[in-house]
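# Examining the three-dimensional arrangement
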Amino acid sequence: MRFIDFSRYCERLEAMSGRLETIELVSEMLALLTEGELPVVVRFVTGRIFPDWSPLKVGIGPNLLYEAVAYVVGEKKAAVVEEINRTGDAGKAIEHLIATKEQTSFFRTELETTEVYQEFEAIARTEGKGSQREKILSLRKLFGNASPLEARYLARLVLEELRIGVGEGNVRDAIARAFHVDSASVEHAYQAINDLGEVARLAKQGEEALQGVAIQLFRPVKMMLAQQGTIAEMVQDHGEVAAEFKYDGSRFQFHKQGSTCRIYSRKLEDVTDALPDIVRQLLPVVKADVILDGEVIAVKEGKPRPFQFVLRRFRRKHEVSSYTEEIELVPHVFDILYHNGQSLIDSPLRERRVHLEKVISGFIAPQLKSSTVNSLETFYQQALDAGHEGIMVKDLASRYTPGVRGKSWVKIKPEVDTLDLAVIGAEWGEGRRAHFFGSFLLACQDKGKLLPVGKVATGINDETLALLYEMFKDLIVSQSGKEVFLEPSIVFEVGYSEIQQSPNYESGYALRFPRFVRVRDDKRVEEIDSLDSIRQRYEKRS
Ligand code: AMP
């Protein structure tokens, strides 16, 4: 498929809002693709270039992109940034700039979707000295050959934000429809291999190819997630349940085969090199080929340390050793997905726990099995007293459902009102905080648009401020005075005392006493709270 045809589909999808018509149009597009094109286009249409688990990253921040575009249109970078600030949409701004330049350029080769992908892959593989320059040259080539509409979607792909409202759920349904296969088989294959593009390719081959898919070592599986709930409800629904401490750290998945292992983060990134101490602790004591699921927590002098410490270690690529001395990490394993060639995701938790206890003795999260509310409440109190966040209560009969935030796992923790919001801007701090951002501008979403709802500056200590600066510094789009505009890519969980109506922010609402709780490293910007949910919370309270 030519990239212009893909772009035209994107344009039609962007203008649509209905779920059914979206699925129909995506399915029409998928039916046109060859087996070679399917993996690429399926990832593109959900705003991804590589599968989540792939170590490849395009690694082009807004700055590099704007520089390349500026060259192609014969302008200064500042002019590109100005246009983006004016339209508030990098894709459309770049489309407009390319359209203006178009009148003077005659030579263009047509872009194919697979060629665009290969170019991205080459960019991702460029490393070391001079790599920035090479990346810019590749981008210039791509944008030099792009028509205005193609440039809109190329830019958004580079920034990993396609904004056409096509979620993974839509694509799963579209795959089933395009290739006349059962949507349950599509779902099952997706849970196992975690790459919709590959699932689409298999679906084209037929039902049998899909059925043959199983989870594999060194291909991370999406993590099962939890909902909020109550002890009483869980006991009422399931009788005997399993309860474990809810550790406040970072999720990890441990894959081991023979004497090698890899560790993946909640976002399925390979973080093995950043966590040599976890490798040292687990590798010698795990007695089989396995995939384990658990939480890593930070400990100092025997006491759990806040989650921020763990995040810092997960993000560390250089000088790992000096950090391992400062912050000790300890794994707590609570599930097993694979044991010596056998997938366990369809086995009930009760059986998985038996496997888990066979493969390691230490590092397992203690589990209380009980059917009485009283003893579970005592356990909850013990967890809080020991400094943990609360407890997880799990249905012993449930299977492991990758990526699903279901009712089989329920979290019990003290009530706090929080929202998950995208960080879209910041302000430089003052005094000793002058080299860091002191406050952050937050936005909710409304049908793909990001709308500001407030700023947060409270609840962030100096150490976290430094960490946040490191995370945001490559996402700066532009500055004006002390204000900085950031590419929306990071999600904060923010507490507040009240939601008020307010003319100061575009959303029409503002948070009273906003307080930083944590970085939601498991959430993408598309998953943040919506304007509707803020409105509902506001109406419920008044
Ligand atoms: P939340 O992030 O508040 O939605 O809570 C779910 C998260 O709690 C999981 O994704 C894990 O990272 C974490 N967690 C901590 N302890 C456990 C446990 N024993 N079982 C499952 N998840 C746990």
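That block above? That's the structure.
What this report covers is the structure whose coordinates are included nearby. Everything quoted here is computed from the prediction, not taken from an experiment.

## Looking at the site of the ligand
Close to the ligand lie 15 residues; E244, R251, E295, K394 and K411 are nearest. One of the backbone nitrogen or oxygen atoms of Y247 is found 3.0 Å away from a nitrogen atom of the ligand. Here the ligand, which alone exposes 500 Å², has 96% of that area covered by the protein. Residue assignment for the shell around the ligand shows that the elements contributing at least two residues are β2 (241-246), β10 (390-395) and β11 (405-412). A breakdown of the residues in the shell around the ligand according to their chemical character gives 5 nonpolar, no polar and 10 charged.

## A closer look at the nonpolar core
Counting 116 residues, the largest nonpolar core has L30, F44, L65, Y66, F120, F143 and I391 as the members making the most contacts within it. Among the elements that line this core, the one with the most residues is helix α4 (residues 62-73), at 8 residues. Setting aside residues no more than four positions away along its own chain, F143 makes contact with L65, V69, V72, I94, I98, A151, L154 and A155. Counting 35 residues, the second-largest nonpolar core is a separate cluster that includes L468, Y496, V519 and Y538.

## What about the sheet that holds strand β1 (residues 225-228)?
The strand order across the open sheet formed by 5 strands is β1-β11-β10-β2-β9, and the pairing between neighbours is mixed. Sheet topology places β1 and β9 (368-370) at the edges, where each strand pairs with a single neighbour. The mean angle between the axes of side-by-side strands here comes to 40 degrees, regardless of whether they run parallel or antiparallel. In this sheet, β9 lies alongside β2 in antiparallel orientation, the contact comprising 3 bridges. Across the sheet, residue A242 finds its bridge partner in β9, namely K369.

Analysis parameters
Numbering of residues begins from 1 in every chain and follows the order in which that chain's sequence is written. Only residues with pLDDT of at least 70 are given local features in this predicted model, and only at 80 or more are side-chain atom pairs given and counted; all residues enter the totals for whole chains, interfaces and linings. Water and hydrogen atoms were dropped before computing side-chain values, which therefore reflect all heavy atoms in the structure. Being near a molecule or strand, for a residue, means having at least one of its heavy atoms within 4 Å of it. Polar contact is the term for a pair of N or O atoms within 3.5 Å; when the atoms are in protein, one must be able to donate a hydrogen and the other to accept it, and sequence-neighboring residues count only if both atoms are side-chain atoms. Method for areas: the Shrake-Rupley scheme with a 1.4 Å probe, in which residue coverage is limited to the protein chains shown. Secondary structure follows DSSP: runs of H or I at least 4 residues long count as helices, runs of E at least 2 residues long count as strands, and numbering of each begins at the N terminus. In this classification, Asp, Glu, Lys and Arg are treated as charged, Ala, Val, Leu, Ile, Met, Phe, Trp, Tyr, Cys and Pro as nonpolar, and every other residue, Gly included, as polar. By nonpolar core we mean a set of buried residues, namely Ala, Val, Leu, Ile, Met, Phe, Trp, Tyr and Cys, connected to one another through side-chain atoms within 4.5 Å. Residue exposure (1.4 Å probe, protein chains only): buried if accessible area is under 20% of the type maximum, exposed if over 50%, otherwise partly exposed. The contact definition used throughout considers only heavy atoms, calling two residues in contact when any of these lie within 4.5 Å. The pairing criterion for strands is at least two bridges between them, as found by DSSP. What counts as an axis is a line fitted to C-alpha atoms, over the stretch in contact for a helix, and the angles between N-to-C directions run from 0 to 180 degrees.

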